[in-house]
Amino acid sequence: QVQLVESGGGLVQAGGSLRLSCAASGRIVSGSAMGWFRQAPGKEREFVSAIYWSGGTTYYTDSLKGRFTISRDNARNTGYLQMNSLKPEDTGVYYCAVDPRGIWGGLRDGKADYWGQGTQVTVSS
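The structure contained in this document is the topic of the report that follows. Residue positions within a chain follow its written sequence, with the count starting from 1. Selection of residues for local features in this predicted model requires a pLDDT of at least 70, selection of side-chain atom pairs for listing and counting requires 80 or more, and totals for whole chains, interfaces and linings are taken over all residues. Remark: hydrogens and water are excluded; side-chain values derive from all non-hydrogen atoms of the structure.

## Quick notes on the environment of A40
Mapped onto the fold, A40 is located in the loop between β4 (33-39) and β5 (46-52). For the pair A40 and V121, spaced 81 residues apart in the sequence, the C-alpha separation amounts to 9.5 Å. Apart from residues no more than four positions distant in its own chain, A40 is found in contact with T91 and G92. Comment: elements are numbered from the N terminus, with helices defined as DSSP H or I runs of at least four residues and strands as E runs of at least two. Contact criterion: two residues are considered in contact whenever any of their non-hydrogen atoms come within 4.5 Å of each other.

In C-alpha coordinates:
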(Lines give C-alpha, C1' and ligand atoms only; values in the text may rest on other atoms or scores of the structure.)
Protein backbone atom coordinates (compact mmCIF):
# COMPACT_ATOMS: atom_id res chain seq x y z
CA GLN A 1 0.00 0.00 0.00
CA VAL A 2 1.30 3.45 -0.92
CA GLN A 3 -0.06 6.70 0.44
CA LEU A 4 0.65 9.97 -1.35
CA VAL A 5 0.48 13.51 -0.05
CA GLU A 6 0.91 16.48 -2.36
CA SER A 7 2.07 19.90 -1.26
CA GLY A 8 3.43 23.09 -2.73
CA GLY A 9 0.38 24.45 -4.48
CA GLY A 10 -0.77 28.02 -4.08
CA LEU A 11 -1.49 31.29 -5.79
CA VAL A 12 1.11 32.67 -8.18
CA GLN A 13 1.17 35.37 -10.83
CA ALA A 14 1.52 34.50 -14.48
CA GLY A 15 5.16 33.95 -15.32
CA GLY A 16 5.95 32.68 -11.85
CA SER A 17 7.06 29.27 -10.66
CA LEU A 18 5.94 26.62 -8.21
CA ARG A 19 7.39 23.32 -7.15
CA LEU A 20 4.95 20.63 -6.17
CA SER A 21 5.98 17.75 -3.95
CA CYS A 22 4.47 14.31 -3.60
CA ALA A 23 5.57 12.49 -0.46
CA ALA A 24 5.04 8.75 -0.54
CA SER A 25 4.72 6.43 2.42
CA GLY A 26 5.03 2.72 1.87
CA ARG A 27 7.23 0.86 -0.55
CA ILE A 28 7.26 1.85 -4.18
CA VAL A 29 8.16 -1.36 -5.95
CA SER A 30 10.59 -1.71 -8.79
CA GLY A 31 9.03 -0.89 -12.13
CA SER A 32 6.66 1.65 -10.64
CA ALA A 33 6.14 5.09 -12.06
CA MET A 34 4.92 8.30 -10.48
CA GLY A 35 2.78 10.63 -12.50
CA TRP A 36 1.30 14.08 -12.21
CA PHE A 37 -2.15 14.98 -13.43
CA ARG A 38 -4.22 18.12 -13.29
CA GLN A 39 -7.86 19.01 -13.46
CA ALA A 40 -9.05 22.47 -14.37
CA PRO A 41 -12.50 23.67 -13.32
CA GLY A 42 -15.16 22.13 -15.54
CA LYS A 43 -12.65 19.96 -17.40
CA GLU A 44 -11.53 16.38 -17.28
CA ARG A 45 -8.40 15.35 -15.51
CA GLU A 46 -5.39 15.35 -17.84
CA PHE A 47 -1.98 13.76 -17.77
CA VAL A 48 0.96 16.09 -17.18
CA SER A 49 4.13 14.07 -16.69
CA ALA A 50 5.51 10.82 -15.31
CA ILE A 51 8.79 9.33 -14.17
CA TYR A 52 9.98 5.79 -13.61
CA TRP A 53 10.81 5.50 -9.93
CA SER A 54 13.92 3.37 -10.31
CA GLY A 55 15.52 4.47 -13.57
CA GLY A 56 14.29 8.05 -13.71
CA THR A 57 13.10 7.98 -17.31
CA THR A 58 10.63 10.79 -17.82
CA TYR A 59 7.67 11.46 -20.05
CA TYR A 60 5.77 14.68 -20.66
CA THR A 61 2.67 15.70 -22.44
CA ASP A 62 3.91 17.64 -25.48
CA SER A 63 2.27 20.94 -24.65
CA LEU A 64 4.12 21.22 -21.33
CA LYS A 65 7.62 20.24 -22.39
CA GLY A 66 10.13 22.91 -21.56
CA ARG A 67 8.08 24.53 -18.80
CA PHE A 68 7.51 21.61 -16.42
CA THR A 69 10.15 19.26 -15.04
CA ILE A 70 9.45 16.07 -13.13
CA SER A 71 11.98 14.53 -10.77
CA ARG A 72 12.18 12.25 -7.77
CA ASP A 73 14.33 11.72 -4.72
CA ASN A 74 14.37 8.03 -3.94
CA ALA A 75 16.03 8.54 -0.57
CA ARG A 76 13.22 10.86 0.50
CA ASN A 77 10.54 8.80 -1.26
CA THR A 78 9.31 12.04 -2.77
CA GLY A 79 8.49 13.18 -6.28
CA TYR A 80 8.51 16.72 -7.57
CA LEU A 81 7.01 18.77 -10.34
CA GLN A 82 8.80 22.02 -11.07
CA MET A 83 6.52 24.39 -12.96
CA ASN A 84 7.98 27.48 -14.58
CA SER A 85 6.55 30.29 -16.71
CA LEU A 86 3.12 29.52 -15.35
CA LYS A 87 0.05 30.64 -17.26
CA PRO A 88 -3.53 31.17 -16.11
CA GLU A 89 -4.52 28.05 -18.06
CA ASP A 90 -2.28 26.02 -15.75
CA THR A 91 -4.79 26.65 -12.96
CA GLY A 92 -6.30 23.53 -11.48
CA VAL A 93 -5.96 20.80 -8.90
CA TYR A 94 -2.76 18.85 -9.33
CA TYR A 95 -2.64 15.19 -8.34
CA CYS A 96 0.20 12.74 -8.07
CA ALA A 97 -0.26 9.04 -8.63
CA VAL A 98 1.83 5.90 -8.47
CA ASP A 99 1.31 2.68 -10.35
CA PRO A 100 3.40 -0.50 -10.07
CA ARG A 101 2.87 -1.27 -13.77
CA GLY A 102 4.88 1.73 -14.88
CA ILE A 103 3.93 4.54 -17.23
CA TRP A 104 2.44 2.46 -20.03
CA GLY A 105 0.68 -0.12 -17.88
CA GLY A 106 -2.11 2.27 -17.03
CA LEU A 107 -0.64 5.36 -15.42
CA ARG A 108 -0.48 7.33 -18.67
CA ASP A 109 -4.23 6.79 -19.06
CA GLY A 110 -4.97 7.76 -15.49
CA LYS A 111 -5.48 4.24 -14.22
CA ALA A 112 -3.09 4.31 -11.31
CA ASP A 113 -3.45 2.26 -8.18
CA TYR A 114 -2.54 5.05 -5.77
CA TRP A 115 -3.54 8.71 -5.77
CA GLY A 116 -2.93 11.73 -3.61
CA GLN A 117 -5.62 14.12 -2.48
CA GLY A 118 -4.52 16.93 -4.77
CA THR A 119 -3.12 20.42 -4.33
CA GLN A 120 -4.63 23.58 -5.77
CA VAL A 121 -2.60 25.71 -8.16
CA THR A 122 -4.01 29.09 -9.13
CA VAL A 123 -2.26 31.31 -11.65
CA SER A 124 -3.48 34.88 -11.83
CA SER A 125 -3.14 37.01 -14.93
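The rest of the description comes next.
## Focus on the pattern of salt bridges
A side-chain nitrogen of Lys or Arg and a carboxyl oxygen of Asp or Glu constitute a salt bridge if their distance falls within 4 Å. In total, this model carries seven salt bridges according to the counting rule given. Between D90 and R67 there is a salt bridge, with its nearest N and O atoms 2.8 Å apart. With D90 in the loop between β8 (78-83) and β9 (92-99) and R67 in the loop between β6 (58-60) and β7 (68-73), this residue pair connects regions lying 23 residues apart in the sequence. When sorted by exposure, D90 lands in the same class as R67, which is buried. For R101, the salt bridge identified is with D113, shortest N-O distance 3.6 Å. Taken together, the residues span a long stretch of sequence, with R101 in the loop between β9 and β10 (114-115) and D113 in the loop between β9 and β10 at a distance of twelve residues. Members of the salt-bridge network, linked through shared partners, are R38, E46, R67 and D90. With a 1.4 Å probe rolled over the protein chains alone, any residue whose accessible area is under 20% of its type maximum counts as buried; one over 50% counts as exposed, and the rest are partly exposed.

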